[in-house]
Amino acid sequence: VFTAAPAERFIPIALASHHSLSDARVARTLMQLLTVAVSRLEAEAVLGLLDAAIVRNRFGIAAEDVSLIREWTLRVGIRWGKDGESKGREGLPISRPTTWEAGLDRLIIGAAIGGAEEAADPFADVVPFDDIEGANTLLAGRFATFVRAVFALADALRMPRRIDAWSKLLAGAM
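Residues numbered from 1 in each chain as written. Predicted model: local features only at pLDDT ≥ 70, side-chain atom pairs only at ≥ 80, totals over all residues. Heavy atoms only, no water.

Draft legend 1. Focus on the nonpolar core. With 39 residues, the main nonpolar core has Leu 50, Trp 100, Phe 143 and Phe 146 as its most contacted residues. Residue assignment for this core shows that the elements contributing at least two residues are helix 1 (21-37), helix 2 (43-48), helix 3 (53-59), helix 4 (66-75), helix 6 (100-113), helix 7 (136-157) and helix 8 (163-173). In terms of residues, this core owes the most to one element, helix 7, which gives twelve residues. Each residue touching Phe 143, except ones within four places of it in the same chain, is listed here: Leu 47, Leu 50, Ile 61, Ile 69, Thr 73, Trp 100, Leu 104 and Leu 107. (Core = buried A, V, L, I, M, F, W, Y, C linked by side-chain atoms within 4.5 Å. Buried < 20%, exposed > 50% of the residue type's maximum accessible area, 1.4 Å probe, protein only. Helix = DSSP H or I, 4+ residues; strand = E, 2+ residues; numbered from the N terminus. Contact = heavy atoms within 4.5 Å.)

Draft legend 2. Examining the environment of Glu 42 more closely. With respect to the helices and strands, Glu 42 occurs in the loop between helix 1 and helix 2. The partly exposed category is assigned to Glu 42, whose relative accessible area is 31%. Taking the C-alpha atoms as reference points, Glu 42 and Thr 99, 57 residues apart in sequence, are found 9.1 Å from one another.

Draft legend 3. Summary view of the side chain of Lys 87. Looking at where Lys 87 falls in the secondary structure, it is placed in helix 5 (residues 84-89). Asp 83 provides the closest opposite charge to the buried, unpaired Lys 87, separated from it by 9.4 Å. Those residues in contact with Lys 87 that sit more than four places away from it in its chain are Trp 80, Leu 92, Pro 93, Ser 95, Pro 97, Thr 98 and Thr 99. (Lys, Arg positive; Asp, Glu negative; His and termini not counted. Salt bridge = Lys/Arg side-chain N within 4 Å of Asp/Glu carboxyl O.)

Draft legend 4. Layout of the side chain of Asp 83. Within the fold, Asp 83 resides in the loop between helix 4 and helix 5. Here Asp 83 is buried and forms no salt bridge, its nearest opposite-charge partner Lys 82 lying at an N-O distance of 4.7 Å. For Asp 83, the contacting residues outside a window of four places in its chain are Thr 99 and Glu 101.

Draft legend 5. Examining the pattern of salt bridges more closely. With the rule as written, the count across this model stands at ten salt bridges. A salt bridge links Arg 70 to Asp 51, with the nearest nitrogen and oxygen atoms 3.5 Å apart. Here the residue Arg 70 occupies a position in helix 4, and Asp 51 occupies one in the loop between helix 2 and helix 3, the gap between them amounting to 19 residues. Across the pair Arg 75 and Glu 71 runs a salt bridge, and its minimum N-O distance is 3.2 Å. Placement of the pair is Arg 75 and Glu 71 together in helix 4, with a separation of four residues, close to one helical turn. Taking the relative accessible area as the measure of exposure, Glu 71 reaches 37% and is therefore partly exposed.

The structure is reproduced here in structure tokens:
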């Protein structure tokens, strides 16, 4: 209506609240990432970040690999918490089993040792996850890199900083 008027009655308009669908996805993903980073790091919440293509792409994880990563997470017993100390901060006994740290150690050591015919002996007090071999060793490494990036953000969010530093941190998170 406004743009069809003669030049002397033309009213220039713009929709300030119009955002592309891509911008909305990025904003939603950033909010999800921040929510997870300040949480107890529950397994499904962290894995839920991999549902976003922008996150998967950043870490070289294909959409079809997410179900395998979920299976690994379940099988190595990851439930919540970065490490035993993070459980202690929640007022619980400091214990390492069921944490991301314990599960990632099992995955990475298992990937390094390779798929064994028999259950592998503990290495440095860690029982290796013995079901990763071939190209999946690279996927395990990319997954560990993703999880450690979530940890780094979680740690960074606990630190006080100036507004310009917050801006840089949040821009770098995506």
